[in-house]
Amino acid sequence: GRPRVVVVGGGSGGATAARHLAMQSGGAIDVTLVEPSRTYYTCYFSNLALGGVWSFDDLGHSYANLAAVHGINVVHDWAVGVDRDARTVTLAGGGVLPWDRLVLSPGIDFVDGAVPGWDVAAQGRMPHAYKGGTQAALLAAQVEGMREGGVFAMVAPPNPYRCPPGPYERISMVAHVLTQRNPTAKILLVDPKESFSKQALFEEGWQRHYPGMIERIDPLFGADNVSVDPEAMTVDIDGVIEQVDVCNVIPAQKAGRIAEVAGLTNDAGWVPVDPHTMKARADEAVFVLGDASQQGDMPKSGYSANSQAKVAVNVIRHELLDTRLFPARYSNTCWSLIAPDDGVKVGAAYDATDEKIATRDSFISQTGEDTDLRAATFAESIGWYRGITADMFG
Ligand code: FAD
């Protein structure tokens, strides 16, 4: 019969891989996509929805076309086991899927105990809003319900984590909402890192749009020693207790659990991959895409996962259908919105070396750019959003 590829995770990496495998093989490969959710809510632009400049409804995307138009066998279930010798995936519902090549793109899970006092059971009171789904809307409702002059706190994650500028775009969008509705409110950014992505751009923008609203505490002042109490709504920063009204905890991260179940993760919790192919270093038949992979210089982003999926698809088609193999090339851009129409970006093109995916050329927005350029950068990001979601689900 046809060679079989099972893709676990229907997000940025997995949906792209499944769709391109099906499309480019013209039905010659039997593609199964395993994903528990019936609707994929993008994390990208969820900060914009939080800021009221995008709609939460517009974040949701259906798998219907992948099945109906592209003939992909879409299975809404959790993968709970991987047998790499027998080459099967086991589903929570009991099904067993055989494969010739396996693609894992399960995204992230949180490191247990990373922020003492917080665990997923506390996500209703102190949302992470760092995976797709309802968490971002919950955080938006909490911001809306803040008392006048209240405190919004964010506990930011240590490196490496998904979307390096994401926490700071979120701070910007919360500040935008509060400036309009609750201008005496304060934002407390508790960050274990000494520096962060696009820092000069964010700090310039915060000064300009939200003067006096945002206070950042860094490791020099104890922000690397933080715990929370979700019942009391307090944040303990190196012994100093802050009472807060909303608390967004974004814990330290690791590869989605199924990668660990498959026995592919390293001590840091990520899956080392071959930069030329996106194959797990530990198994030639398993490709690991996106946030779960440890590949070198690319940030953990939707753009990166989409780019990596195309490299994996090229290799899989070559191996299963003997099509032409092209050298791996990757690219990424991360846009962030600081205020309505004030968009910035950072990005790079990458080559594969034996050791890692390595930056070839990079670019970043500059401080002091005029408003027309910033508006054009924001417009570009909307084009990217339309493009990647069509590339995954169209
Ligand atoms: P995901 O897209 O998270 O997909 C993983 C999928 O796997 C999920 O649908 C999950 O349900 C499924 N899954 C997990 N485990 C299993 C299992 N055992 N069985 C079956 N299915 C499973 N990136 C950008 O490029 N641009 C941005 O502007 C941007 N903004 C962001 C803003 C925020 C606030 C956040 C949090 C992230 C942002 N990102 C952005 C990052 C981006 O969302 C991720 O890097 C990207 O989605 C990673 O793709 P992935 O395929 O690795 O994981």
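Residues numbered from 1 in each chain as written. Predicted model: local features only at pLDDT ≥ 70, side-chain atom pairs only at ≥ 80, totals over all residues. Heavy atoms only, no water.

A. Focus on the overall build of the chain. Within the chain one finds nine helices and 25 strands. In terms of overall dimensions, the chain is globule-like: its C-alpha atoms have a radius of gyration of 21 Å, near the 21 Å expected for 394 residues. Dimensions of the chain, computed from C-alpha atoms along their principal axes, come out at roughly 65 × 45 × 40 Å. In the chain, which comprises 394 residues, the proportion classed as buried is 56%. Considering only residue pairs separated by 6 or more positions, the chain has 67% of its internal contacts joining residues 24 or more positions apart. Per element, the accessible surface of the chain, about 16000 Å² overall, is 49% carbon and sulfur. Distance between charge centres in the chain, computed from 32 positive and 47 negative side chains, equals 6 Å. (Helix = DSSP H or I, 4+ residues; strand = E, 2+ residues; numbered from the N terminus. Rg over C-alpha atoms; globule rule 2.2 N^0.38 Å. Buried < 20%, exposed > 50% of the residue type's maximum accessible area, 1.4 Å probe, protein only. Contact = heavy atoms within 4.5 Å. Areas by Shrake-Rupley, 256 points an atom, 1.4 Å probe, with all protein chains shown as cover. Lys, Arg positive; Asp, Glu negative; His and termini not counted. Charge placed at Lys NZ, Arg CZ, Asp CG, Glu CD.)

B. Here's a closer look at the packing of helix α1 (residues 12-25) against helix α8 (residues 302-321). Contact geometry for α1 and α8: axes closest at 8 Å, N-to-C directions at 35°. As α1 runs across α8, the sense of the crossing is right-handed. Facing α1, whose interface residues are Ser12, Gly13, Thr16, Ala17, His20, Leu21, Gln24 and Ser25, α8 presents Gly302, Ala305, Asn306, Ala309, Lys310, Val313, Ile316, Arg317 and Leu321. Classifying every residue of the contact of α1 with α8 by side-chain character gives seven nonpolar, eight polar and two charged. (Axes fitted to C-alpha atoms, helices over the stretch in contact; angles between N-to-C directions. Left-handed = near helix turned anticlockwise from the far one by under 90°. Nonpolar A, V, L, I, M, F, W, Y, C, P; charged D, E, K, R; others polar.)

C. Focus on the pattern of salt bridges. Tallied over the entire structure, the rule returns 20 salt bridges. The residue Glu380 makes a salt bridge to Lys345 at a minimum N-O spacing of 2.8 Å. Taken together, the positions of Glu380 in helix α9 (residues 371-393) and Lys345 in strand β24 (residues 342-352) put the pair 35 residues apart, joining distant regions of the chain. Classification of Glu380 by relative accessible area gives partly exposed; the value is 35%. (Salt bridge = Lys/Arg side-chain N within 4 Å of Asp/Glu carboxyl O.)

D. Here's a closer look at empty space enclosed by the protein. What the rule picks out here adds up to one cavity of 30 Å³ or more. Counted as a void, the largest cavity has a volume near 60 Å³. Each residue belonging to the lining of the largest cavity can be placed in one class, and the counts come to six nonpolar, four polar and one charged. (1 Å grid on protein atoms, 1.4 Å probe; cavity = no way out; pocket = protein on both sides within 12 Å on 5 of 7 lines; lining within 4 Å. Points joined across faces, edges and corners; volume = space filled by probe spheres on them.)

E. Representation of the side chain of Asn47. Within the secondary structure layout, Asn47 lies in helix α2 (residues 46-50). Taking the relative accessible area as the measure of exposure, Asn47 reaches 6% and is therefore buried. Non-local contacts of Asn47, meaning those with residues more than four positions away in its chain, are made with Gly166, Glu169, Arg170 and Met173.

F. Expanded view of the layout of surface pockets. In this structure, the second largest pocket occupies an estimated 270 Å³ of space. Together, 16 residues line the second largest pocket, and Asn159, Pro160, Tyr161, Pro164 and Pro299 are the ones closest to its centre. Per-class residue counts for the lining of the second largest pocket are seven nonpolar, seven polar and two charged.

G. Structural detail: the site of the ligand. Taken together, 34 residues are adjacent to the ligand, and Glu35, Tyr40, Ser105, Arg162 and Asp291 come closest. One of the backbone nitrogen or oxygen atoms of Gly302 is found 2.9 Å away from an oxygen atom of the ligand. With the chains in place, 93% of the 1000 Å² that the ligand exposes on its own is no longer accessible. Counting residues per element, the ones that place at least two in the shell around the ligand are α1, α2 and α8. (Near = heavy atom within 4 Å. Polar contact = N/O pair within 3.5 Å; in protein donor to acceptor, adjacent residues only side chain to side chain.)

H. Broad picture of α8. The terminal C-alpha atoms of α8 lie 28 Å apart, and with 20 residues this matches the ideal 28 Å at 1.5 Å per residue to within 8%. Summarising burial for α8: 14 of the 20 residues are buried, a large majority. In this structure Ser301 caps α8, since a side-chain oxygen of it lies 3.4 Å from the backbone nitrogen of Tyr303. Count one or two residues on from α8 and you reach Asp322, which has phi positive near 60°. (Expected span 1.5 Å × (residues − 1).)

I. View of the sheet that holds strand β1 (residues 4-8). Strand order in the open sheet formed by six strands is β5-β2-β1-β9-β21-β20, and the pairing between neighbours is mixed. Looking along the sheet, the strands with just one partner apiece sit at the ends: β5 (73-75) and β20 (279-280). Here β1 pairs with strand β9 (residues 101-104) via four bridges, running parallel. When the sheet's bridge partners are listed, Val8 is paired in β9 with Leu104. Each of β1, β2 (30-34) and β9 is contacted by α1, which is oriented at about 165° to β2, the strand it contacts most. (Pairing = 2+ DSSP bridges.)

J. Examining the sheet that holds strand β23 (residues 329-339) more closely. Overall, antiparallel pairing links the three strands, which are arranged β23-β24-β25 in an open sheet. Both outer strands of the open sheet, β23 and β25 (357-364), are each paired with one neighbouring strand and no more. Neighbouring strand axes in the sheet, compared pairwise and without regard to direction, differ in orientation by 20° on average. The pairing of β23 with β24 spans ten bridges and is antiparallel. Bridging across to β24, Cys334 finds its partner in Val346.

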